[in-house]
Amino acid sequence: AKAAGRNTLRFFDPAMQAAIDRRYALEHDLREGLLRDEFLLYCQPQFDADGALAGGEVLLRWRRPDGELVSPNEFIELAEGTGLVLPLGRWVLRETCKRLAGWRHNPRLAQVPLSVNVSAQQLRCTDFPEQVLGAVRDTGADAHLLALELTESVMAENLEEVIAKMERLRRGGVTFSIDDFGTGYSSLSYLKRFPLETLKIDRSFVHDIHIDPDAAAIVEVIITLARKLGLKVVAEGVEEEAQRRFLSDEGCDRFQGYLFGRPLAIDEFERQFGHA
Ligand code: C2E
Ligand code: CA
Ligand code: CA
Ligand code: CA
């Protein structure tokens, strides 16, 4: 046992300790950032097949005191692990609803829906539907213009409970998209049990459609499936004209990606698309 004790000591790894320290520091900074209002909304435009603006996806950014702009890929997981994603997610929903309400009298933006990414933890909150509908009510936003993006894995837990929450929100006018479709392990039969409006094809499939016949086949099948189920299809990560053409030929409804526009600070989005 003594030898084992010494052995465990020998396993101590400075690189691992450094990683733990970084994590703690990041968690601390995230908490501070929330108090200091360091988060902001970006928005990436989506277009229909005729090239008209059809919506925007709200994407969170963290502007650290040194000016660095951090993508949620770098902190969302930690925010989820520490529960910080709850106040952060509430903030994103409120700010999004404020925008929608502010756009009501702008003829170019009044009908433009915004979608918001929702994490598993948020959806697990018993009062999630009330939180969302409360934000809609308090701000005066039109709930029909608010779409929530859920991933397959988020929807896979507590099926009945998730469906009940989604239905409550659906009755309030809010719509739902499945995000990153095709990457999770959901059974296709789920699709018709959830009150869904839209299916977003993951960009890993879009990326290869013009070079890899398998990726092309998968995208074809997803679009056909969506159409038969009466769902709209959004393709994300469209970067090249060849990808757009393929998707468009297959009947994809909406397009999002660098080919059409990068995520913009939401003020900038408003300036670019809200003016004549
Ligand atoms: P996502 O929901 O799949 O969002 C799309 C990501 O793809 C965004 O990264 C976007 O900037 C990026 N993207 C858009 N077009 C292209 C393209 O043509 N090519 C490539 N390579 N990438 C493209 P972003 O903004 O860094 O967000 C990363 C992820 O963080 C999101 O992935 C989403 O899962 C999560 N996220 C973002 N905002 C929120 C939020 O408010 N709450 C939660 N819970 N998660 C969020
Ligand atoms: Ca998304
Ligand atoms: Ca996505
Ligand atoms: Ca993704």
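Residues numbered from 1 in each chain as written. Chains lettered and ligands numbered in written order. Predicted model: local features only at pLDDT ≥ 70, side-chain atom pairs only at ≥ 80, totals over all residues. Heavy atoms only, no water.

In the nomenclature of an unreviewed UniProt entry, the protein chain corresponds to EAL domain-containing protein from the organism Massilia terrae.

Q: With reference to specific residues and values, describe the site of ligand 1.
A: Residues in contact with ligand 1 amount to 22 residues; listed here are only the nearest, Arg 61, Ser 71, Arg 203, Glu 239 and Tyr 258. Residue Gln 44 places a side-chain N or O atom 3.0 Å away from a nitrogen atom belonging to ligand 1. The backbone of Leu 60 places a nitrogen or oxygen atom 3.1 Å from a nitrogen atom of ligand 1. Mapped by element, the contributors of at least two residues to the shell around ligand 1 are β2 (53-63) and β6 (175-181). For the shell around ligand 1, the element with the highest residue contribution is β2, accounting for four residues. A class-by-class count of the residues in the shell around ligand 1 yields eight nonpolar, seven polar and seven charged. (Near = heavy atom within 4 Å. Polar contact = N/O pair within 3.5 Å; in protein donor to acceptor, adjacent residues only side chain to side chain. Helix = DSSP H or I, 4+ residues; strand = E, 2+ residues; numbered from the N terminus. Nonpolar A, V, L, I, M, F, W, Y, C, P; charged D, E, K, R; others polar.)

Q: Please set out the pattern of salt bridges residue by residue, giving values where relevant.
A: The final tally for this structure, using the stated rule, is 18 salt bridges. For Arg 124, the salt bridge is made with Glu 157, and the minimal N-O distance between the two is 2.6 Å. Pair noted here: Arg 124 is in helix α5 (residues 120-124) and Glu 157 is in the loop between α7 (152-156) and α8 (159-171), with a separation of 33 residues, a long-range link. According to the relative accessible area criterion, Arg 124 is partly exposed, its value standing at 44%. Its salt-bridge partner being Glu 160, residue Arg 193 comes within 2.9 Å of it at the nearest N-O pair. Separated by 33 residues along the polypeptide, Arg 193 in the loop between β6 and β7 (198-201) and Glu 160 in helix α8 bring together distant segments of the chain. Members of the salt-bridge network, linked through shared partners, are Glu 32, Arg 36 and Glu 38. (Salt bridge = Lys/Arg side-chain N within 4 Å of Asp/Glu carboxyl O. Buried < 20%, exposed > 50% of the residue type's maximum accessible area, 1.4 Å probe, protein only.)

Q: So, the coordination of the calcium ion (ligand 3): which residues are in play, and what are the values?
A: Within the protein, the calcium ion (ligand 3) binds to Asp 179 (OD), Asp 180 (OD), Glu 236 (OE) and Glu 236 (OE); these donor distances fall in the range 2.2 to 2.6 Å. Between the donor residues of the calcium ion (ligand 3), the gaps in sequence give the motif D-D-x55-E. In this model, the calcium ion (ligand 3) sits 3.6 Å from the calcium ion (ligand 2), the two metals being bridged by Asp 179. Taken together, the residues Asp 179 in strand β6 and Glu 236 in the loop between β8 (232-235) and α11 (241-250) connect sequence positions 57 residues apart. Like Glu 236, Asp 179 is buried. (Donors = N, O, S within 2.8 Å, 3.2 Å for Na, K, Ca; no water.)

Q: Lay out the coordination of the calcium ion (ligand 2) with the relevant residues and their values.
A: Within the first shell, the calcium ion (ligand 2) binds the protein through Glu 57 (OE), Asn 117 (OD1), Glu 149 (OE) and Asp 179 (OD), at distances of 2.1 to 2.3 Å. Counting gaps between the donor residues of the calcium ion (ligand 2) yields the pattern E-x59-N-x31-E-x29-D. Taking relative accessible area as the criterion, Asn 117 reaches 32% and is therefore assigned partly exposed. Note on Glu 149: relative accessible area 2%, which makes it buried.

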